Amino acid sequence: MKFDKPASENPIDRQNVVGQPRDRIDGPLKTTGSAHYAYEWHSEVDNVAYGYVVGSAIAKGRVNAINTDAASRAPGVLTVVTAENAGPLGKGEMNTATLLGGPEIEHYHQALALVVAETFEQARAAASLVEVHYQPQEGNFDLAKARPEVNTPPEDTPDSITGDFSTAFAAAEVKLDATYTTPDQSHFAMEPHASMAAWDGDKVTVWTSNQMIAWCRKELAATLKIEPEQVRIYSPYIGGGFGSKLFLRSDALLAALGARALQRPVKVMLQRPLIANNTTHRPATIQQIRIGTDKVGRIAAISHLSWSGNLPGGTPENAVQQTNLLYAGNHRQTGLRLAELDLPEGNAMRAPGEAAGLLALEIAIDEIAEKVGIDPVQFRILNDTQVDPTQPERFFSQRQLNICLREGAKRFGWQDRVARPGQVRDGRWLVGMGVAAAIRNNMVDKSGARVHLDPDGTLTVETDMTDIGTGSYTIIGQTAAEMLGIPLEKVMVKLGDSDFPVSAGSGGQWGANTSTAGVYAACVKLREQVAQRLGLKSDGLDFCDGEVLAGPRRFALTEAVKDGRLTAEDTMEYGNLDKEFQQSTFAGHFVEVGVDMFTAEVRIRRMLAVCAAGRILNPKTARSQVIGAMTMGAGAALMEELVVDPRLGYFVNHDLASYEVPVHADITEQEVIFLDETDPISSPMKAKGVGELGLCGVGAAIANAIYNATGVRVREYPITLDKLLAEMPEPALKG
Ligand code: MOS
């Protein structure tokens, strides 16, 4: 089915099932431990051996020799796989560094060997006996040091220029020129990267934890130098991904190599301390923002440049894209600068680009609003735009940012905020409020599904879509139930299998809208088949309460399948609507913090997100997405930072003991409001995504609240107390 004109009224609009806050249909499986995660297919495969990964102890250089003799003789050891004995390997297109290193070493903890043994403990013990002789080389690991040398954009990413920034900025009545930094961050999903592989002749089956089944299949085939048809991927349950599982990673490759060497199934789970340096991360940025306004606060000129680093061949963190779209202004420029660094590969992490970009931009807006002397909510409303400011003939499909901000201000009690910082006390706490706006684009991509209607009235949906904890099972089930007019309980949803039709997968917050649109397309076909079996014309039919209504005539839906199962398959494809219109999602984030006047510890007291994201397919799962994202935003503002050792070139705090993330005690009250809207430009579902939107801007709202509480402006994330202490106001109470 092709979607190339705005959606008109369709069965989803009834919202009998879609749009209802239904519980997750996979909830009972997960809470009873019967949903199998990648490492847990215990009864499916016998005689499994266990792998343990040896990561490089240097960041850059060569392996002179690997001595595996002692490891091979250790109790229980079955084989040791290295680049030397693994056989010829290709490389996929999506990973920058090779997944099994040697002799070249491209980054710290790059996998150099897999020790496979009868038990995990035996493999782990033997791994410590692998002797690697290194020839280290100098590397570049310091973004700040590299920055002055990097003054031009990457060849394929030219600067975006509208009007004449320099002249307009020079003439502006109020100006800001400030630099902000964001650190490297790790996804650190609860479930580590894990895979089990088993070969049958020249075919391999991999049970893994991956957001994008079709990509994983293609990339693994390319790396093993076999055909995609020889690879079967299963990833039905995923314990969090956040972008770290978008791509093939070393666990899946090494499990396949170990299993091929042994002719026996092998499991590999990346050890937690390996994950930060072995997999991808969100790269650090240095961002310079300049804004010039007239005296009432209308933006005349805005510039945003962002520096990030990556391995040779890697991509920049696109921290400036939102600055092209979020505010009006005739004269603008944005640009990316990419330094070559020998740190592990930087890549997508939840809201790649905007998450880091808005951390900076939304402090800058707070700063310029203060300079102009107007309220930061008012400043944002004043500078709203209904067109893409870089292409003024191009409208947003839907943009209700101002309503998010107004509604949020009202619900949050923004009118009680004292604009002058450091004025509000509650015992030992200095109290402040902050706001930030958020934008995250809505991307569409083709997505397929297959549906079967059985004589007992059960509908089964099959698609290679994944559920990374987001609620895909449930919203897909709701979509199918709505389309066929049956209860959700009659729908069985099967996901995460490469034998199923290829979906858009879970990434870039496109999953909810696109995967359900694919199911919509398959269900439209199924409805036609039902009509045909019943001898009816397919238009004008209503599918409701298990019946097919054709004017005054009614048929039981099961009547159509009394002679056997009906199966339909289709893929939703998109025309040009996403080019004709700018499709984005929007939010206003409001935060109240308390900062201890003696120690400068920050406590978040209240958070509110007001989101405009098209039709909300399930307010319960969507709310959970936003709550989780707001929590991640608290981490970004206050805690999360992979600390770089600039001499040895690695992330030092590569475990969950020293990489801090928020816990329950860090979060008190969180509220989420969704505007009641639909976006007929996005798909027949009229939905968009919220999983990444919920994170965008949150950290800046926290930073702005800290400023309002204390008068201390920190421009380097995370805002730890050492950065506040030196400038904290004198406590009024001494001793
Ligand atoms: Mo997302 S960073 O595309 O999983």
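Residues numbered from 1 in each chain as written. Predicted model: local features only at pLDDT ≥ 70, side-chain atom pairs only at ≥ 80, totals over all residues. Heavy atoms only, no water.

1. Section: the overall build of the protein chain
Cut-off, in case you're wondering: The secondary structure listing takes helices from DSSP runs of H or I that are at least 4 residues long and strands from runs of E that are at least 2 residues long, numbered from the N terminus. For this measure, only C-alpha atoms enter the radius of gyration; the expected value for a globule follows 2.2 Å times N^0.38, where N is the number of residues. Buried means the residue's accessible area, taken with a 1.4 Å probe over protein chains only, is under 20% of the maximum for its type, while exposed means over 50%, and partly exposed covers the values in between. Should any heavy atoms of two residues lie within 4.5 Å, those residues are counted as being in contact. The Shrake-Rupley method, run with a 1.4 Å probe, gives the accessible areas here. Residue values count only the displayed protein chains as cover. Residues scored as charged are limited to Lys and Arg (positive) and Asp and Glu (negative), so that His and the chain ends carry no count. A charged residue contributes its charge at one atom only: NZ of Lys, CZ of Arg, CG of Asp or CD of Glu.
Helices and strands together make up the secondary structure of the protein chain, namely 17 helices and 30 strands. Expected size for 735 residues packed as a compact globule is a radius of gyration near 27 Å; at 27 Å, the protein chain falls within 12% of this value. Here the C-alpha coordinates of the protein chain stretch approximately 80 × 75 × 55 Å along the principal axes. For the protein chain, with 735 residues in total, the buried portion stands at 62%. Once local pairs closer than 6 in sequence are excluded, the contacts in the protein chain between residues at least 24 apart make up 81%. Of the roughly 27700 Å² of accessible surface on the protein chain, 49% is carried by carbon and sulfur atoms. Of the side chains in the protein chain, 70 bear a positive and 91 a negative charge, and the two mean positions are spaced by 3 Å.

2. A few points about the sheet that holds strand β19 (residues 447–453)
Condition: Here, any two strands with at least 2 DSSP bridges between them count as paired. Interaxial angles span 0 to 180 degrees and are taken between N-to-C directions of axes, which are lines fitted to C-alpha atoms, for helices over the stretch in contact.
With mixed pairing, the five strands of this open sheet are ordered in space as β1-β25-β19-β20-β21. Two strands bound the open sheet, and with one partner strand each, they are β1 (2–3) and β21 (491–494). In this sheet, strand β25 (residues 566–574) lies alongside β19 in antiparallel orientation, the contact comprising seven bridges. Residue pairing in the sheet places Leu-453 in a bridge with Leu-566 of β25. Packed onto the sheet, helix α12 (residues 472–484) meets β20 (459–462) and β21 and runs at close to 140 degrees relative to β21. Together, β19, β20 and β25 form the strand contacts of helix α13 (residues 511–533), whose direction differs from that of β25 by roughly 135 degrees.

3. With respect to the domain arrangement of the protein chain
Worth spelling out the cut-off: Where each domain begins and ends is defined by an automated method or by a domain database. The term buried area denotes the loss of accessible surface (1.4 Å probe radius) that occurs when two parts are joined, taken as the sum for both partners. Within this document, salt bridges are pairs made up of a side-chain nitrogen of Lys or Arg and a carboxyl oxygen of Asp or Glu, the two lying within 4 Å of each other. In the analysis that follows, any N or O atom pair within 3.5 Å is treated as a polar contact, provided that within protein one partner can donate a hydrogen and the other can accept it, and provided that, for residues neighboring in sequence, both atoms belong to side chains. Throughout, the ten residues Ala, Val, Leu, Ile, Met, Phe, Trp, Tyr, Cys and Pro are labelled nonpolar, Asp, Glu, Lys and Arg are labelled charged, and all others, Gly among them, are labelled polar.
Under the domain assignment, the protein chain is made up of domain 1 (2–35 + 444–578) and domain 2 (139–395). Of note, the centres of domain 1 and domain 2, computed from C-alpha atoms alone, are 33 Å apart. With 22 residues of domain 1 at the interface, the matching set in domain 2 holds 19 residues. Carbon and sulfur atoms supply 53% of the area that domain 1 and domain 2 bury against each other, a total of about 1500 Å² over both sides. Linking domain 1 with domain 2 are two salt bridges. The residue Arg-232 makes a salt bridge to Asp-497 at a minimum N-O spacing of 2.8 Å. Here domain 1 is connected to domain 2 by eight residue pairs in polar contact (both at pLDDT 80 or more). Grouping the amino acids of the side of domain 1 that touches domain 2 by side-chain chemistry returns eight nonpolar, seven polar and seven charged.

4. Re the nonpolar core
Let me state the cut-off plainly: Only buried Ala, Val, Leu, Ile, Met, Phe, Trp, Tyr and Cys residues count toward a nonpolar core, and they belong to the same one when joined by side-chain atoms within 4.5 Å.
In this structure, Val-593, Val-595, Leu-638, Ile-702, Ile-706 and Leu-724 are the most contacted members of the largest nonpolar core, which totals 93 residues. Dropping the residues within four chain positions of it, Val-593 is found in contact with Leu-430, Val-431, Gly-432, Val-602, Arg-603, Ile-604, Arg-605, Ile-702, Ala-705, Ile-706 and Ala-709. Judged by nonpolar contacts, the second largest core, of 55 residues, contains Ala-522, Phe-555, Met-572 and Leu-617.

5. So, helix α7 (residues 250–262)
Counted only if it meets this: The span expected for a helix works out to 1.5 Å for each residue beyond the first.
Here α7 contains 13 residues, and its C-alpha end-to-end distance of 18 Å stays within 8% of the 18 Å for a straight helix at 1.5 Å per residue. Burial analysis of α7 places 10 of its 13 residues in the buried class, the great majority of the element. Buried residues of α7: Ser-250, Asp-251, Ala-252, Leu-253, Leu-254, Ala-255, Ala-256, Leu-257, Gly-258 and Ala-259, and no others. Two residues or fewer past α7, Gln-263 is found with a positive phi of approximately 55 degrees.

6. A short note on the side chain of Lys-245
Note on placement: Lys-245 falls in the loop between β12 (231–234) and α7. Owing to a relative accessible area of 0%, Lys-245 belongs among the buried residues under this scheme.

7. A closer look at the sheet that holds strand β22 (residues 542–544)
Pairing in this open sheet of three strands is antiparallel, and the strands run β22-β23-β24 from one edge to the other. Edge positions in the sheet fall to β22 and β24 (553–556), since each of these pairs with one other strand and no more. Across the sheet, the mean angle from the axis of one strand to that of its neighbour is 25 degrees, orientation sign disregarded. The pairing of strand β23 (residues 547–550) with β24 spans four bridges and is classified as antiparallel. Paired with Glu-547 across the strands is Ala-556, a residue of β24.

8. Brief notes about the environment of Gln-322
Inspection of the secondary structure assignment puts Gln-322 in the loop between β15 (299–310) and β16 (331–340). Take Gln-322: its relative accessible area is 1%, and that puts it in the buried class. In this structure the C-alpha to C-alpha distance between Gln-322 and Gly-201, which are 121 residues apart in sequence, comes to 49 Å. If near-sequence neighbours (up to four positions away) are discounted, Gln-322 is found in contact with His-304, Gly-353, Glu-354, Gly-357, Leu-358, Leu-361 and Ile-439.

9. Side note on unusual backbone geometry
Cis geometry is found at the peptide bond from Gly-102 to Pro-103, where omega equals -5 degrees. Among the secondary structure elements, Pro-103 is positioned in the loop between β4 (77–82) and β5 (104–105). Even without a glycine there, the phi angle at Gln-15 is positive, about 55 degrees. The backbone of Phe-188 sits at a positive phi, close to 40 degrees, despite the residue not being glycine. Examined against the element boundaries, Phe-188 turns out to sit in the loop between β9 (174–182) and β10 (194–200). Of the residues examined, Phe-188 reaches a relative accessible area of 9% and is grouped as buried.

10. Considering the packing of helix α15 (residues 619–638) against helix α16 (residues 698–710)
This is how the line gets drawn: In what follows, roughly perpendicular refers to angles from 65 to 115 degrees, roughly parallel to angles under 35, roughly antiparallel to angles over 145, and oblique to any angle outside these ranges. Note on convention: near helix rotated counterclockwise from far helix by under a right angle means a left-handed crossing. Clockwise means right-handed.
Running from N to C, α15 and α16 point in directions that differ by 55 degrees, and their axes come no closer than 7 Å. The orientation of α15 relative to α16 falls into the category oblique. In the packing of α15 onto α16, the handedness of the crossing is right-handed. Only Val-698, Gly-699, Ile-702 and Ile-706 of α16 make contact with α15, whose side of the interface consists of Met-630, Gly-633, Ala-634, Ala-637 and Leu-638.

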